[in-house]
Amino acid sequence: MSSALTDLFPLPIVQAPMAGGVSVPQLAAAVSEAGGLGFLAAGYKTADGMYQEIKQLRGLTGRPFGVNLFMPQTEHAETGAVEVYAHQLAGEAAWYKTELGDPDSGRDDGYEAKLAVLLDNPVAAASFHFGVPGKDVLDSLRRAGTLTLVTATTAEEALAVERAGADAVIAQGVEAGGHQGTHRDVQDNEGAGIGLLSLVAQIRETVGIPVVAAGGIMRGSQIAAVLAAGASAAQLGTAFLATPESGATDLHKRALTDPLFIRTELTRAFSGRPARGLVNRFMREHGPYAPAAYPEVHHLTSPLRKAAAKAGDAQGMALWAGQGHRLARPLPAGQLVETLTAELAAASTALSGKGEGHEGHEGHEGYEGYEGYEGGRR
């Protein structure tokens, strides 16, 4: 299997691109400088905004990093369903003294313009969410020297990613925080998400390209587990959300370990697409009635979410988080990478049979110290 992807970064740790202002250049730079692969999130930004962040990141590190793009949405929601939901949210708008957003603010997230920027100013890696780019797009990026990754939530989606010519697939388990990267938003499939370890195993038996495992990973021992299951690297989002370099609000960071927020759920309440977040008042009151309408609902609720954050009201915010949120550690991003790597080394030593009580076990090789994990990469 090609090592082109894992040759980019010495440690099997990828910082998930978290849209909405979390994955700022300072966070991506800190992760890349520590030996992982930092990512910028281009979602919800203009093409120029993305370009300016790329320039800023290049001023902070000379190491490789990636940029994530959202695929354009081609399926239109029922106008009537969106209007009904807007009527339901009228009370929220009055409470926060703001107007609802325009649900028709755009469906393609500036995709073509962002692609043009990445082709003119190539980065080391580009990843895609909510679908698969055309083969021509992936080939163009490859010629520009950019490795490509595409999210998949099933083995069938992973096969589509491989057939399109991507360099790697991101296996996103149902545990993951934020939006599920399903290629099509099918309401009949709600609640049918696959856990990460099962998903990695299924995808590894379906495709030959490298797999990056994502979903609920918060500790180095979990990284060791997905490597042992066949992944080439692990992608962590919620773990980095709590770092000082993260662009998340302090309210969001504190909520990750606040006893008030005891669990997460998948909801359409804030965006119209299934996304995992901490259960709060807004999710409980509006989630059951939110239509399958992305990005219309995202645009509709955007002013409400901003107003709630400004008011310091966590009960009205989209508190995206994975199922492992209670394990969040507010360490500097570089220190967190070091800690995860040390935990990975310890867990991998135990897996290899070199830990106490495991003598003679002929398991995985290496994983000793910071350098020995090569034996677990694919």
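Residues numbered from 1 in each chain as written. Predicted model: local features only at pLDDT ≥ 70, side-chain atom pairs only at ≥ 80, totals over all residues. Heavy atoms only, no water.

Draft legend 1. Summary view of unusual backbone geometry. Cis peptide bonds are those with omega within 30 degrees of zero, and the linkage from Y294 to P295 qualifies with 10 degrees. In this fold, P295 is placed in the loop between α12 (281–286) and α13 (296–311). Look at D109: it is not a glycine, yet its phi comes out positive at around 55 degrees. Mapped onto the elements, D109 comes out in the loop between α4 (90–95) and α5 (111–120). Judged by relative accessible area, which is 21%, D109 ranks as partly exposed. Look at F130: it is not a glycine, yet its phi comes out positive at around 75 degrees. Its place among the elements puts F130 in the loop between β4 (125–129) and α6 (135–143). Under the relative-accessibility criterion, F130 is labelled buried at 3%. (Helix = DSSP H or I, 4+ residues; strand = E, 2+ residues; numbered from the N terminus. Buried < 20%, exposed > 50% of the residue type's maximum accessible area, 1.4 Å probe, protein only.)

Draft legend 2. Highlighting the sheet that holds strand β10 (residues 264–267). Here we have three strands laid out as an open sheet, ordered β7-β11-β10, and antiparallel in their pairing. Whereas interior strands pair on both sides, the edge strands pair on one side only; in this sheet they are β7 (178–179) and β10. For β7 and strand β11 (residues 275–278), the ladder comprises two bridges, and the chain directions are antiparallel. By the bridge assignment, G178 is partnered in β11 with R276. (Pairing = 2+ DSSP bridges.)

Geometry only, nothing functional implied.
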